[in-house]
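The primary structure of each chain is shown beneath.
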Amino acid sequence: MNPKESTDGGQNNATWGDNTRTNGTNDSNSTQFDNSNENSNSPTGGSDDYSPTHSEKTWLIVAVGVGALLASVPLTHYMNKFGPRILFAAAGFLSAIATALIPTAARLGLPYFLVVRAFQGVGYAACMPMVGGVTAKWATLKQHAIFVSVLTLFMQIAPTISMPISGELCESSFGWTSVYYVHAVYSFILFTLFALFYRNSPKNHPCVGETELDELADGKSDSEVTDETHENVPYGSIFKTMAIWAVWVASIGNFCSYNLITLFSPTYLHKVMGYPVVKTGLSAALPPICQMLMKITAGATSDKISHCSEKVKVRVYNSVAFFGFALFICLLALTPQSHPTLALVLLTAATTLLGINTGGYYKSATLVSRRYSQAVMGIDSTVICTTMLIVPLIVEVITDTDTVGEWAIVFFIIAGIMIVTNLFFVVFARASPASWAKEEDSSSND
C-alpha cells in the first residue's frame, strides 16, 4: 500500500512510516509508529512499504534500548580512558549510518531491521556521559544547572524538528524512506562539526584564553580542568554513595516519563484522541518546545538563587518537576476522548513541568561527582537504556486496542513511578562533592 492510497485519504494509512520520528544522539535513535494496521503483514523483500504489527513496533523500539544498553558500559569506559571527542563522534556516525540503512533493512525483513535499530542505540548511549563530561570540564561551579539544561536540550530539539518534518515527508511524494535519508544526512553534518570544533579539555581549545581558564578553574582542582581522561575511576566508592543512587533512581522516573511522551505521545494523540497524521506531528512537537523553554528557565534560576543551599534547591526543583508531571498525567488519564484539545494541553503541561528537573537530580549528579561526572552519567545512561526497554513493554501489554481506559492505566503507572522515585531522591539527595570526588581545594555546596 502506498501512503497516498490508503482508504482514509492518507491520514490513517497502513504504512509503517506514518508519524515516524527519529531521535538519536541528535535525532536518530528512536521511532514512533502509527498503529493504523494492527493486522498488516511483516515486511517482504522488494516492498517499499512496511506495516509492522503492534508487537513488531514494540520490538523495533525496544531494539534501540538493547543496543544502547549493550554499548553504554564499554562506551563510558573508553570515553573515560581516551576522552569523549573521537568516541562520541564515532558513535554518532554509526547511528547516522544505521539510520540511512533502515529502509533497506525494512525491505530485507524484521531481523535485519532489529539489528540496524540496535546500532542506532549506540549513539544514544554516548549522550549522557557526554553531558556529564562537558559540564565537569566546561562549566564553572555556579553554572552547572544551566549547562545541564542546555546540553540535555537535544531530547527536546530532536522531536521538535523531527516530528513535523517526518509527518510532512511521510505524506509527500518522497515517502517514508526519505525520513531516514534526511535525518542521516544532517546527523553526519552535525557530528562532523562536533569532531572539528570540540576539545576534551578547555586548555587544549584554541579559542579559550587564560582569563577563561582561570574562571573555569575557580573552586576546582587542577585535574578537573586540565585532565582529558580519568582512567582510575573509583567505581567501588561511587556505588556505595547513596546520593548517587538517588540520582540514578530519579533518572528511572524521569526517563520512564520521557520515553512515554516522546515515543508514544503521537500514537496516543492519533489513535486515541483522533488527531490526523500531519497534525499529530505538529501537536506532538508542542510539549518538547515548551519543555525546552522550561529547562533553560529552570537552569538559569537554579544557578542564580542564592538565599538557600544547593541541597534544598535540588530537592525542591526535582519535586516540582516530578510531582507536577504526575499530577497532570493523572488528569490526562481522566480526560475523555471527546476532549482532544484538553488532552494536548494536559500533555503539554506535564511535559513542560518535567523540564524543571535540570535544577534537580541532573544538577545534583554533577555537583556530587564533580570530575567523575562523565563516569556517573555513563552509569546513568545504562539506567536510561533500561527504561527504554521497560516503557515500550508496559505500553505493549496494556494498550492492545488503544482505548482511553488502557492508556489511563499506563498514565497512572508512570505517575506512581514518578512519585516513588522522587521521594527516594528527596531523602538521599546531596549537592556537595562526595569524598571520592574531593580534593583539597574543593568547596562544599550543602
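Residues numbered from 1 in each chain as written. Predicted model: local features only at pLDDT ≥ 70, side-chain atom pairs only at ≥ 80, totals over all residues. Heavy atoms only, no water.

How would you explain the environment of Met 155 if you had to name every residue and give the values?
On the secondary structure map, Met 155 appears in helix H6 (residues 154–171). When the C-alpha atoms of Met 155 and Thr 262 are compared, they prove to be 8.7 Å apart, with 107 residues separating the residues in sequence. What Met 155 contacts, discounting residues up to four positions off in sequence, is Tyr 124, Phe 255, Tyr 258, Lys 295 and Tyr 362. (Helix = DSSP H or I, 4+ residues; strand = E, 2+ residues; numbered from the N terminus. Contact = heavy atoms within 4.5 Å.)

Talk me through the packing of aromatic side chains; I want residue IDs and the actual numbers.
Here the distance between the centres and the angle between the planes together describe a pair of aromatic rings. Taken as a whole and judged by the stated rule, the model has 20 aromatic pairs. Note on Phe 255 and Tyr 258: the rings are 5.5 Å apart at their centroids and 75 degrees apart in plane angle, and the pair reads as edge-to-face. With a gap of three residues between them, Phe 255 and Tyr 258 both fall in helix H11 (residues 242–272), about one helical turn apart. Residues Phe 255 and Tyr 258 agree in their burial class; the two are buried. Cluster of aromatic residues (ring-pair linked, three or more members): Phe 88, Phe 93, Trp 138, Phe 188, Phe 191, Phe 194 and Tyr 198. (Phe/Tyr/Trp six-rings, centres within 6.5 Å; stacked < 30°, edge-to-face > 60°. Buried < 20%, exposed > 50% of the residue type's maximum accessible area, 1.4 Å probe, protein only.)

Please give an account of unusual backbone geometry that cites residues and values.
The phi dihedral of Arg 370 is positive, around 45 degrees, even though this residue is not glycine. Counting through the fold element by element, Arg 370 comes out in the loop between helix H15 (361–369) and helix H16 (373–398). Of note in this structure, Asp 402 is not a glycine but carries a positive phi near 55 degrees. Positionally, Asp 402 belongs in the loop between H16 and helix H17 (404–428). On the basis of relative accessibility, which here comes to 9%, the residue Asp 402 falls in the buried class.

Quick one: what's the story with helix H4 (residues 127–138), residue by residue and with numbers?
Taking 1.5 Å as the rise per residue, H4 with twelve residues should run 16 Å; its terminal C-alpha atoms sit 16 Å apart, in good agreement. Most of H4 is tucked away, with twelve of its twelve residues classed as buried. Listed as buried for H4 are Cys 127, Met 128, Pro 129, Met 130, Val 131, Gly 132, Gly 133, Val 134, Thr 135, Ala 136, Lys 137 and Trp 138. (Expected span 1.5 Å × (residues − 1).)

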